[in-house]
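Chain residues, written in single-letter form:
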Amino acid sequence: MRQMILLSGSSHQAFAKALSKQAHIPLAEVDLSMFPNGDRRVWVKTSVANEDVILVQSFSYPVDTHLIEYALLVDAVERAGARSIIALVPWMGYSLQDKVFRSGEPIAARVAADIISHKNIRQVVLMDLHNNSVAAFFSTPTTILSPLELFVDDALEHYSKNELVVISPDFGGLKRASVFAKAVGAEIHHIDKVRDLHTGKVQAKFVGGDIRGKVCVVIDDCINTGSTIIEGARELKKHGAKRVVFYATHALLGGNASQALQKSEVDEVIVSDTVSVEGKIFPKLRVLSVVPLFAEALKKLL
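Fair warning: this is a prediction, and the values are worked out from it, not measured in the lab. (Residues numbered from 1 in each chain as written. Predicted model: local features only at pLDDT ≥ 70, side-chain atom pairs only at ≥ 80, totals over all residues. Heavy atoms only, no water.)

Draft legend 1. Structural detail: the overall build of the chain. Looking only at helices and strands, one finds eight helices and 14 strands in the chain. Each principal axis of the C-alpha distribution contributes one length, and for the chain these read about 60 × 45 × 35 Å. Residues classed as buried in the chain amount to 49% of the 302 residues present. Look at the contacts in the chain between residues 6 or more apart in sequence, and 63% of them connect residues 24 or more apart. Of the accessible surface of the chain, which amounts to about 14,400 Å², a share of 51% is contributed by carbon and sulfur atoms. For the chain, the separation between the mean place of its 34 positive charges and that of its 33 negative charges on side chains is 1 Å. (Helix = DSSP H or I, 4+ residues; strand = E, 2+ residues; numbered from the N terminus. Buried < 20%, exposed > 50% of the residue type's maximum accessible area, 1.4 Å probe, protein only. Contact = heavy atoms within 4.5 Å. Areas by Shrake-Rupley, 256 points an atom, 1.4 Å probe, with all protein chains shown as cover. Lys, Arg positive; Asp, Glu negative; His and termini not counted. Charge placed at Lys NZ, Arg CZ, Asp CG, Glu CD.)

Printed below as a string of structure tokens:
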């Protein structure tokens, strides 16, 4: 294995530190600041000349800040003489906008992919895209990791197979939920979800069989406002569910999502650490680390 240097943007430095320790890769010293006019300023203080660099940045809130910071870091290490760059993007902001929903809108996922796919990026490593077809937007080879096995092991550790029922939060999530259901040996049902594109309001209706006394495991790629699972949990409890447990890879938790989820009929929310949840922790939330998955992926790439 060649000697590597790991470099982190400001979005999730705890993740980068954990990865550095797990993968035994030294973490570069980087100065991240802002000019008085609001321009981002980056300074890679550790020498990266002739080194292979791993750049870690989640495009979480504020997304645009972290995206431009990523682009500046790529340019900085390129000018400093880095031999190659592997980009680790645990959460790809703008990836939900993977098509034109209304006339006059861009395909924002493609725009973000173009920024990430700098000519000197050797490989991009992503985690659980909303739509895997987004990978086709990249001009650089991509690897897409999945936390599914981690979530399956967690569910089987906490609940009996006999009491589990898997619920897809909408029609689009049926494939992900089906794979999860097969892994835990459970039945699968789904919720019909209709979202108003203008107001964002969600209406949910349970579609399936008898779930009375069951632990309903809802699985999705991300959780933003929490409105989908909040409405879904209310609907599932109406049909007799004993518990509603929600697994989501990316804990975006925008606005007052943490407070709303805590007050809701969702019994537990389990997420991965692709996005920092600092300041958003609530009693029902549990965080599982996907750092080992990224460390293992790096071993295969180097």
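Read on for the rest.
Draft legend 2. The arrangement of the nonpolar core in detail. The biggest cluster of nonpolar side chains holds 31 residues, and the ones touching the most others in it are Leu7, Tyr70, Val77, Met92, Ile116, Val124 and Phe138. Not counting the four nearest positions on each side in its chain, Tyr70 is found in contact with Leu55, Gln57, Phe59, Ala87, Ile115, Ile116 and Ile121. Counting residues in hydrophobic clusters, the runner-up holds 26 residues, among them Phe206, Cys216, Ala248 and Val266. (Core = buried A, V, L, I, M, F, W, Y, C linked by side-chain atoms within 4.5 Å.)

Draft legend 3. Up close: the pattern of salt bridges. Enumeration over the complete set of coordinates arrives at 14 salt bridges. Put simply, Glu105 and Arg102 hold a salt bridge, and the shortest N to O gap is 2.9 Å. Glu163 serves as the salt-bridge partner of Lys242, at 3.0 Å between the closest nitrogen and oxygen. Here Glu163 lies in the loop between helix H4 (148-158) and strand S8 (164-168) and Lys242 lies in the loop between helix H6 (227-238) and strand S12 (243-251), a separation of 79 residues in the sequence. (Salt bridge = Lys/Arg side-chain N within 4 Å of Asp/Glu carboxyl O.)

Draft legend 4. Structural context of the environment of Ala76. Within the fold, Ala76 resides in helix H2 (residues 63-79). When the C-alpha positions of Ala76 and Phe171 are compared, they lie 43 Å apart, and in sequence the two are 95 residues distant. Filtering out sequence-adjacent residues up to four positions away, Ala76 remains in contact with Val42 and Val44.

Draft legend 5. Structural detail: the side chain of Glu163. Of the residues examined, Glu163 reaches a relative accessible area of 19% and is grouped as buried. One polar contact links the side chain of Glu163 to the main-chain amide nitrogen of Ser160, over a distance of 3.1 Å. (Polar contact = N/O pair within 3.5 Å; in protein donor to acceptor, adjacent residues only side chain to side chain.)

Draft legend 6. Molecular detail of the packing of H4 against helix H5 (residues 174-184). Close contact between H4 and H5 brings their axes to 10 Å; oriented N to C, the two are set at 45 degrees. Taken together, the axes of H4 and H5 lie oblique to each other. Here H4 and H5 pass one another in a crossing that is right-handed. Taking contact as the criterion, the partners of Leu148, Phe151, Val152, Ala155 and Leu156 in H4 are, on H5, Val179, Phe180, Ala183 and Val184. The residue inventory of the contact of H4 with H5, partitioned by class, reads nine nonpolar, no polar and no charged. (Axes fitted to C-alpha atoms, helices over the stretch in contact; angles between N-to-C directions. Parallel < 35°, antiparallel > 145°, perpendicular 65-115°, else oblique. Left-handed = near helix turned anticlockwise from the far one by under 90°. Nonpolar A, V, L, I, M, F, W, Y, C, P; charged D, E, K, R; others polar.)

Draft legend 7. Spatial organisation of the sheet that holds strand S4 (residues 52-56). Taken in spatial order, the five strands of this open sheet run S1-S4-S5-S6-S7, and their pairing is parallel. The open sheet has two edge strands, strand S1 (4-8) and strand S7 (142-145), and neither has a second partner. Each strand axis lies, on average, 20 degrees off the axis of its neighbour in the sheet, ignoring direction. As judged from the five bridges shared by strand S5 (residues 84-89) and strand S6 (residues 121-127), these two strands associate in the parallel manner. Counted as the bridge partner of Ile86 is Gln123 from S6. (Pairing = 2+ DSSP bridges.)

Draft legend 8. Spotlight on the pairing of S1. Across the five residues of S1, five count as buried, placing the element largely inside the fold. Neither face of S1 is exposed, since Met4, Leu6 and Ser8 on one face and Ile5 and Leu7 on the opposite face are all buried. Here five bridges tie S1 to S4, and the two strands are oriented parallel to one another. Across the sheet, Leu7 pairs through a bridge with Leu55, a residue of S4.

The values are spatial; any link to function lies outside them.
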